[in-house]
Structures are given as structure tokens and as C-alpha cells.
Amino acid sequence: MGINFRLFSERLRRVLAGQEVTLPDAAKQPIQNLHAETEIVTSWLREFEDDISCLLMQKIGEVEIDDPDLGNIMDEINCFTYESEKVIDTFINSITQQKTQSSCSKDIFDALQGLQSRITDIKQRMQQLKHMDSKIIDLIKTSKAEAGISSSSKSRDTVGLDDRMEELLDLLIEGPPQLSVVAILDSIGLDKTAFAGEAYNSSYVKHYFDCHAWITEPYSNEYDADQILDIVIKFLMPSSRLSEIMDKNYEMKKIILHEYLMTKRYLIVIDDVWSIDMWDVIQEILPDNQNGSRVLITLTDIRIIISFQFEDGENMRLDLVPTGGPLRATYKGRPFLILYHGSISLEENIREAVETPLGLRYIKCLMLPFCLKPCFIYLSVFPAHQEISTRQLYQLWIAEGFIPDNSEATAESYLEQLIKEGFVEAKKRKAGGTINTCSIPGRWRPVLHTVPYMVEFICSPFMDPKGKSPKKAKRLNAVEREGDFACLDDYDSQLHSLLCCSPETRHLDPIDWEKFCGMFKLLRVLDLGSLVLIQYPSGIENLFLLRYLKLNIPSLNSLPSSLLSNLLNLYTLDMPFSYIDHTADEFWKMNKLRHLNFGSITLPAHPGKFCGSLENLNFISALHPCCCTEDILGRLPNLRNLRIRGDLSYNQSLLSKSLCRLSCLESLKLANESKMPRLSKIVLAEYLFPHSLTHLSFSNTDLMDDPMPTLEKLPLLQVLKLKQNSYSGRKLTCGSYGFPNLKVLHLKSMLWLEEWTMGNAAMPKLECLIINPCAYLKKMPEQLWYIKSLNKFDCWWPQPELRQKLREFEDKEQCGIQLYPYGI
């Protein structure tokens, strides 16, 4: 694919533009020359794109390479990219550490001359290459067309998903005490991985089972029982015991696992099972303690079930499997409950989905526009069952250099394209319609477990359990367990990214942290997910090239100057469980900072000299109101998203005057944490809100005065959320022609609201209204029913009088009226 090379060429462009470092004059011309040569090679890669796709397909299939010359040149390009990145990283790192420019310039000049010679040789060899046999290329093109057709031939049917989930949870939690298995069959009408993931993450499941494990089947023709046992142990047993267990032989490890699970009710999910051999291995490993433990498996190859028997002993046939379920069966004496929720018959499903060659999915991945390829294969860093935060995903893509203009809007457009093509699914959308979380359809998991590894884009213990990961990959994905860090010594010290995106919360061993900082000094992305650090980690200030840093340090309450003054390349600083009450003045030197996320953070006053405004900072959560001065907010000219959390009542005079300095602000969330909330002194009429606001929410503000007369004047406001305890009055009044652009209105926990009136032509564009609850509200404003755009109205716990009126309303369906809870 040449993906690493093309990303490197794009990086050279950024370096020359001064986006990463200010280059010494002596280094500019050699880097310009190198960039010019890489652009020539890039154009060649575009010309030979089909040939390279064919080469990769042959590597994946482990068949003989038809064009070894092309394979050799691609290997040489990968080696060149690796060495070039190393030179540029070392050079930029030395400048960032403020070493003398003259020595840097001499070193980089000599190194770049060597790289110039290598890329010239590669270019000359490329000119002698010819395209592969036309029949092979024709096959690739035909496969591309078929891949495009198959992706759009069937849509995913989500009707009745809530009922299906309730049934699945019942099967897991209710039922016989013996260990039993629930099997979800792959289908056109249901994403089995997402479906199983929703159950796995359910609060009911988390509370009912003592321990849980999610295992994705290794994509291999052989099932190594010892390897699978190791995976189960890593998930189920305490990390503190792993070191003493993993050196034992297979039988001893099995005994230890059985003893540990003896008194525990466990749930194990095995995702993407292609062969019944996988279950044979698992059955031998797991004990049956007669306490309601369960195994949930998702079957990718549906034809596995012909190995099962019905309860009467008759062999199972595909034409006897009904849509719905559960269908009770056995396999080698073990009870199975089979769920098939396809929108077509099982036999049709096999023809449409299962028998579609996996190769078509590989080809469809390879035919993506280049701007989308790295974004898609990067998704392999996330666990199969995890809903991915788009806010986190966009920041990672930007830090990795996948988004040319570093814009969240561009990143969002890339995600929308991937969703449109069926590579990603949107899971949740925000009130304004933008995507909040997304997930990876199960059918793409085999591709994401193979392609990133084969093109040396990402290495991972999971992708390569036998320890043969490519040593030139610049990204290490440790998604499984803390124990995966034990193999850090096997990976390249030139790593750009170290990620552990698993949502599981565990303490990080200080020894592992010392390894991070000691071995990987050129890191640009460090995301340790939910792994907990007991204290501020020493050595982090030496990772000068970091662009993205996410750590979980609950004890951290101050940001030291050593951190802020050294990590000047940071785009994203994400510590959601840290509450910072002191930030060093060096914060104002972080000119590249774009995204700041803390439980709470107090910013320092601007020191005045040697510092300017933070023009790239566009997101802050959650800012303490005590630092919302006109001077501080005025130095954040491009801030677009802001959450303020703290005692808003105490800081009324400060906040009410300063918010107007944020002339680009689009989203504002105000969360009050007053010591005496019932004595709120928040006066919304005194607030000078910026007219640029499109999203606004309040929580725990306990407003005494009706907020509508103030808020209805905001000309661009599209989403308004009055959340829990935001307003304690009994009446809401919306004036005529107020809220001209409002589309979404949430009124939540307004326990005393009795009356709501609207003037003529108020909220003319309203589409969604949610009231939860409306215990005392007796009627809706008559003007509400004249709003033609209203198509969703959720009303919770309405009074009997109001409930009856809404039931009898003749345009109920047109307005999308739903009464909750169901059955009232």
C-alpha cells in the first residue's frame, strides 16, 4: 500500500511549512530536495496502486509473489521510510531540546544526503518496472466492482433491537445453573459483535457476573490451546498474579484457573468464531461450577451449527433454524442456545453474507481513497466491543498526521464517508445530529486484524501472538491487559505511538512506566486509556515530541512547569480524572494546544511577557469558573467548545461579564457545584452570552427566574438542554418569534413546572422535544402543535390529564409523540 511512505511525504510538507519545528537554514534545502523526490515516488505509487493491491493480497494469502521485483522495491520503500522517519525524529527532537542549531544542521545535512541517494536509486529502479499481467489486474478491477456491489446490497435492520437485547440478557442471567453457551449467528440483519458488545457492557451483566472476559478469535488455521488459555488467564485473573502463573506448563495453568474460578460466576465472550475447534479448546479450559456461569459466542461461519444436535438427538439442519429464538441444541453434551435475528432466512443469509469471499472485503479496504485508508485501519487499536468516542478518535487522527489541515470538521467528514461506505457504524448521535460514538462492524474485524499488521502500520501482541510482529511498525497497540507491557522489550524504540484503548480500569505498574519513558523517547501519541497511575509520572517531560497525551491520574492536582514548558508540541492533553487547582504559567507557551480535557482545571492568569494568546485551543472541559476572567477568556480567541464546572453562583459577576469575549464559542455547558445549591444567586438575565452559540446546556443551576426570556434572544441557538435541577420555577414563557433557530429542546427534572406558554411563531424550526418528567404540567402550549418541523416528542411520567390529551391528539404520529415509561 505504501501507506507509511505517503504519510512520511505529507509529514515532510508539514516540516517545511514550520508546523513541527523551525528549521535551521542549512537543513531547508536538503529537506526540500527529499520532499520533491518523495512526491515523485508517491505519484508512482498511485500509478501502480492495483499492482500493489495484488501484491498485498498475495502476501495475505501466503501464496507465491507474481512480481518479486515489485515486492523488493516495496520492501526497500518501507526500509527507506523507517530510516527517514528516524532521521527526522532525531533532528526535531534535538532542536526541541534546544541544542545548538549548527551541530544539528551538520548532522541532518549528512544524514539527508544519504537518504537522497537511496530515494534516487529507488526512483531509477521503479522506472524499469512494468505492470503485472493484465489478467491479474482485470481480476482486481472486477473484484473491486463486486466489493462495491456487495457493500450496498443489504442494509442493517435494527427494528426490534430492544426486544432482542432483553431476550439475550434473560438468557445470560436467567436459566439453569450449569455452564451453558449462547451462540449468536452472523446475519445481514444484525451486527453480531455490536449486539454482543451491548450485552457485555450492560450494567445488569456487570453486576451479575463476578468476572468477565472478551476474546476475539485469533485469525489462524491452528488453535493453540496454551495460547488461548493464556488469553483467558490474562483477562480473568488479577494482574498481580500473572507473573507467577505464565511460566507454568499448560496443565498447571489450567488447574490454577479452575481453582480461581471455583467460587466465581463468570461470563466469557468469544467473538468471531470461524471453527468449532475453538469451542473444543475453550470447553476444556473452563470449569462448570453449577453457579450460572455463561459463555457467549458469535459465530461468523454459520455452517458450524450442522455439528450440533437438537435436544432429541437429531442432527441440526440449516433449514430448521428459525428467525428469532432461542433454539435449544447441544454439542458434545454441552447445552447451547442459538439466536438468529437475520432479516432473511438463514440459507439466504449464508448465500448473501457468509459465502461472500473475505478477499472482497480486503479489496474494498484497499480501494479506499488514500485519505481514508490510514483512518480506517487505525480503528484496529480499539476493542471489538467498544463504542468509540468520536471526540477521542478525531484527536488521535489529527495527532497521527492523518488530517492534512488538523481540522475536526475534516476528521468528521472522513468518518461520515467511512460510515457511508459501510466500514463504520454510527452508534449515537448528539442532539444536533453530529456523531457522538461509532463502532466497527464485525465483518471488518478480519481485515483490521490483518492489513495493519501486513503493511507494518501497527504492531500488537494480539495481531501477532507468536511474537513475529514487524519491527518497523511505528505504532504499538496494547489493548488486552496490563500484562501485555511485559513484551515491550520486543518492540522498536523508534515508536511514534503507544496505545492502550481498553476501557478496563487497572493500576499501571511503575516499572512499565519507566520503560515507556526510557525506551520510547520519540513518542508522538501516548494513550494509556483507563490504566490508573498512582502519582505524577517522572520522565514524561522528556517526551518532547508528544502531540497527544491521555493519562488517568486521580491524585494529580497541579500541572508543573516542567511538563508544560517541555511538551510544547502537544495538541491534546486529556486527563479526565484529574482535578487541577494550580497550573504553572508556562501553560500560556503551549501555542499548539487544541484540546484540553480534565475533570476540572484552573488556568493561571496570563503572565504578560513572552506569551501570547492560545489561538489553536478550541476545546476545554471543564474550566473552573474562578479563572473565567475577561483577560483569560479574551486570550482564547478560537475557543468553540467550553464546559464550565464549579460554583457558578459565587462567580456570578465574573462569568456574566466575561463570556461575551468568546466570539467564536459554539457550545457552552454550565454545571453548577455550589456548596449551598438551594440558595442559588445565578441571575441569567445578567449574562452576556456570545451570539455565536449554537449549543447550550445547564445543570444544577437552580435558576429562580424563568430562563426563556434571556435565552430566546440568542439568534443561532439550535440545541438547548435544561438538565437536572437547572430551573426550580413553576412557569416557562417563550415570547413571540423567540428561539428562531432552535431545533432541539430538553427539559429534564423540572419537578415543579406547572405552566408553559409560547407566543406566536416561537421555535419555528423545533424538531425534537424531550420532557422528563413533567409531573405537574397539565397541558402543552397550543402553539407547539403548529410547528410543522416537530417530529419527535418524548414525554415522561405525564399527569393523567395530559397523558389522555396526548393519546387522543390526532397528529400524534406526525409529531412523533411517545409516552414513557411504556404502558402508562
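Let me begin by describing the structure that accompanies this report. (Residues numbered from 1 in each chain as written. Predicted model: local features only at pLDDT ≥ 70, side-chain atom pairs only at ≥ 80, totals over all residues. Heavy atoms only, no water.)

**A few points about the environment of Met126**
Among the structural elements, Met126 can be located in helix 5 (residues 101–126). Take Met126: its relative accessible area is 4%, and that puts it in the buried class. With 53 residues separating them along the chain, Met126 and Ile73 place their C-alpha atoms 7.5 Å apart. Filtering out sequence-adjacent residues up to four positions away, Met126 remains in contact with Val41, Trp44 and Ile73. (Helix = DSSP H or I, 4+ residues; strand = E, 2+ residues; numbered from the N terminus. Buried < 20%, exposed > 50% of the residue type's maximum accessible area, 1.4 Å probe, protein only. Contact = heavy atoms within 4.5 Å.)

**A look at the packing of aromatic side chains**
We describe a pair of aromatic rings using the distance from one ring centre to the other and the angle between the two ring planes. Within this structure, the stated rule accounts for 18 aromatic pairs. Ring centres of Phe376 and Trp444 lie 5.7 Å apart, and the angle between their planes is 85°; on these two criteria the pair is classed as edge-to-face. Placement of Phe376 in helix 16 (residues 373–377) and of Trp444 in the loop between strand 10 (435–439) and helix 19 (445–448) is noted, with a sequence separation of 68 residues between them. Since its relative accessible area comes to 0%, Phe376 is described here as buried. (Phe/Tyr/Trp six-rings, centres within 6.5 Å; stacked < 30°, edge-to-face > 60°.)

**Here's the deal with the pattern of salt bridges**
Under the definition given, this model contains 24 salt bridges. Taking the shortest distance from any N to any O, the salt bridge between Arg594 and Glu408 comes out at 3.2 Å. With Arg594 in the loop between strand 17 (582–583) and strand 18 (595–601) and Glu408 in helix 18 (residues 408–420), the pair connects residues that are 186 residues apart, well separated along the chain. Residues Arg594 and Glu408 agree in their burial class; the two are buried. Note that Asp794 and Lys792 form a salt bridge whose closest N and O atoms lie 3.0 Å from each other. Look at Asp794 and you get buried, because its relative accessible area is 8%. Note on Lys792: relative accessible area 34%, which makes it partly exposed. The structure contains a network of salt bridges with shared partners spanning Arg11, Arg14, Glu20, Glu85, Asp89 and Arg547. (Salt bridge = Lys/Arg side-chain N within 4 Å of Asp/Glu carboxyl O.)

**A look at unusual backbone geometry**
The omega torsion of the bond from Ser621 to Ala622 falls at -5°, within 30 degrees of zero and hence cis. Assignment of secondary structure puts Ala622 in strand 19 (residues 619–623). With a phi close to 55°, Asn406 is a non-glycine residue in the positive phi region. With respect to the secondary-structure elements, Asn406 resides in the loop between helix 17 (390–400) and helix 18. Here the phi dihedral of Asn700 falls at roughly 60°; this positive angle occurs in a residue that is not glycine. Of note, Asn700 is situated in the loop between strand 22 (695–699) and helix 25 (708–711).

**Here's the deal with the side chain of His746**
Inspection of the secondary structure assignment puts His746 in strand 25 (residues 744–748). Here His746 falls in the buried class, since its relative accessible area comes to 10%. Setting aside residues no more than four positions away along its own chain, His746 makes contact with Leu720, Lys721, Leu722, Cys768 and Ile770.

**Some points on the environment of Asp277**
Tracing the chain through its elements places Asp277 in helix 13 (residues 277–285). For the pair Asp277 and Ile304, spaced 27 residues apart in sequence, the C-alpha to C-alpha distance is 9.8 Å.

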